[in-house]
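Residues per chain are reported as follows:
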Amino acid sequence: MLSLLRRILIGHPLATDRIEHEKLGKAGGMAIFAADPMSSVAYGPEEVLLVLLVAGAAGMRLNVLVCVAIAVLIGIVATSYRQTVIEYPSGGGAYVVARENLGPLASHIAGAALLIDYVLTVAVSVAAGIAAITSAVPALYHHRVLIAGICVALIALGNLRGLRESAAAFALPVYGFVVCAVITILAGLWQLARGSMTPDAPLTALPVLQPLTMFLVLRAFSSGCVSLTGIEAVANGVQAFREPRGRNAAAVMVYLAVILAATVVGVAILAHQLNVVPRETETVLSQVGAKVFGRHAMYYVLQTLTALILIFAANTSFSGFPRLSAFMARDGFL
């Protein structure tokens, strides 16, 4: 009975000589490795607003500027990692680069930081995904911990079935979210240009809890840099790609950086133009979607895809953690 259940849930064991057939192309690579960074569109711009909010209207006006600076940083980091995946097609990312150029101590620090980051990514991504669900269906708010636990278990189960099957399962929410986010941004900008969308109340009534200082702006920038979460996963998982591994991974890195930077800035612009203020019970992206589409079918499509990509973003950790651990274990660190 247990054996039958195992076969149904996990599938047949994969032969070692079939491993090459589990490798990913560019489309599959985007599905597996883009979920984590692209999902940060749902909470990255919001983190900037949460910090600037304490400075009142003056702070909120800097939202777009801070997000543009984050987009520039995304380009710099992606360019660096693109060079890494071409020069180090065996994978390993920052750990391997640090080991070969800076020595064991630096590589151990980089590797340990990445392993911790992978664990935190699961927690943050799933929690943010459940927040997207409860924003659309408030009745589920008190069941969010149980739902989060079920989601983590399902992601683990999906990975046990093999990398290629995981890519097929995760392709719809990843590409669906990208398309839906772009539609939301373009539709919102079009409505703003026509004057057919009414912003929320002016931000002048916001209380000023702290003065607007350079330190506060830098803190908003550092908080918003969660938008870069997961970019390193491509460099750590180069071995998951088909040959030529380095070139395929580099192409995915470029596509990812361009889409990520554009959507982060797009959401920031809409939030700024609509005078959106962060709320405890509803995400910024949910508020933007409600303004653009109304609380109708397209809004719920956006929220569903947002929740799915956030939850599936945890899959990056399931893909990257074992590979990085294998590199570190080979060097005797683990």
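Residues numbered from 1 in each chain as written. Predicted model: local features only at pLDDT ≥ 70, side-chain atom pairs only at ≥ 80, totals over all residues. Heavy atoms only, no water.

With respect to the packing of aromatic side chains
To be explicit about the condition: Two rings from Phe, Tyr or Trp (for Trp, the six-membered ring) form a pair when their centres sit within 6.5 Å of each other. Planes less than 30 degrees apart are called stacked, planes more than 60 degrees apart edge-to-face, and all others tilted. Exposure classes here rest on a 1.4 Å probe applied to the protein chains alone. A residue is buried below 20% of its type maximum, exposed above 50%, and partly exposed in between. In our convention, an over-ring charge means Lys NZ or Arg CZ found within 6 Å of a ring centre and within 35 degrees of that ring's normal.
Evaluated as defined, the whole model comprises 3 aromatic pairs. With a centroid separation of 5.0 Å and 75 degrees between ring planes, the pair formed by Tyr 299 and Tyr 300 is classed as edge-to-face. You can call Tyr 299 buried: its relative accessible area is 0%. By relative accessible area, which is 38% here, Tyr 300 ends up partly exposed. Above the plane of the ring of Tyr 141 lies Arg 144, whose end atom (NZ or CZ) is 4.1 Å from the centre.

With respect to the confidence of the model for the chain
What counts here: Residue-level confidence of the predictor is summarised by pLDDT, bounded by 0 at the bottom and 100 at the top. In this text, helices come from DSSP runs of H or I with a minimum length of four residues, and strands from runs of E with a minimum of two, each type numbered from the N-terminal end.
Scored by pLDDT, the chain comes out at a mean of 83, with 90% of its residues at no less than 70. Mean pLDDT across the elements of the chain ranges from a minimum in helix α1 (residues 2-10), with 56, to a maximum in helix α11 (residues 214-224), with 95.

Looking at the pattern of salt bridges
Defined as follows: Salt-bridge detection follows one rule: a side-chain nitrogen of Lys or Arg within 4 Å of a carboxyl oxygen of Asp or Glu.
Going through the model one piece at a time under the given rule, you end up with 4 salt bridges. Residues Arg 295 and Glu 282 are paired through a salt bridge, measuring 2.5 Å at the closest nitrogen-oxygen approach. Within this pair, whereas Arg 295 is found in the loop between α14 (284-293) and α15 (297-312), its partner Glu 282 is found in the loop between α13 (245-273) and α14, the two being separated by 13 residues in sequence. Classification of Arg 295 by relative accessible area gives partly exposed; the value is 42%. Overall, the relative accessible area of 7% leaves Glu 282 in the buried class. Through salt bridges with shared partners, one network takes in Arg 279, Glu 282 and Arg 295.

Some details on the environment of Ser 325
Locating Ser 325 in the fold gives a position in helix α16 (residues 315-330). Ser 325 gets classed as buried once you look at its relative accessible area, which sits at 14%. Residues Ser 325 and Gly 111 lie 214 residues apart in sequence; the distance between their C-alpha atoms is 8.3 Å.

Some remarks on helix α9 (residues 144-160)
What counts, and what does not: One less than the residue count of a helix, multiplied by 1.5 Å, gives the span that helix is expected to have. Along the arc lie the directions from the helix axis toward the C-beta atoms. Any two residues whose heavy atoms approach within 4.5 Å at even a single point are treated as in contact.
Compared with the 24 Å implied by 1.5 Å per residue over 17 residues, the 25 Å span of α9 between its first and last C-alpha is a close match. When we look at burial in α9, the residues that qualify are Ile 147, Ala 148, Cys 151 and Ile 155. Relative to the axis of α9, the buried residues are bounded by an arc of 100 degrees and lie together on one face. Facing away from the buried side of α9 by more than 90 degrees, the exposed set consists of Val 145, Leu 146 and Leu 160. Contacts made by the buried residues of α9 are with α8 (104-136), α15 and α16.

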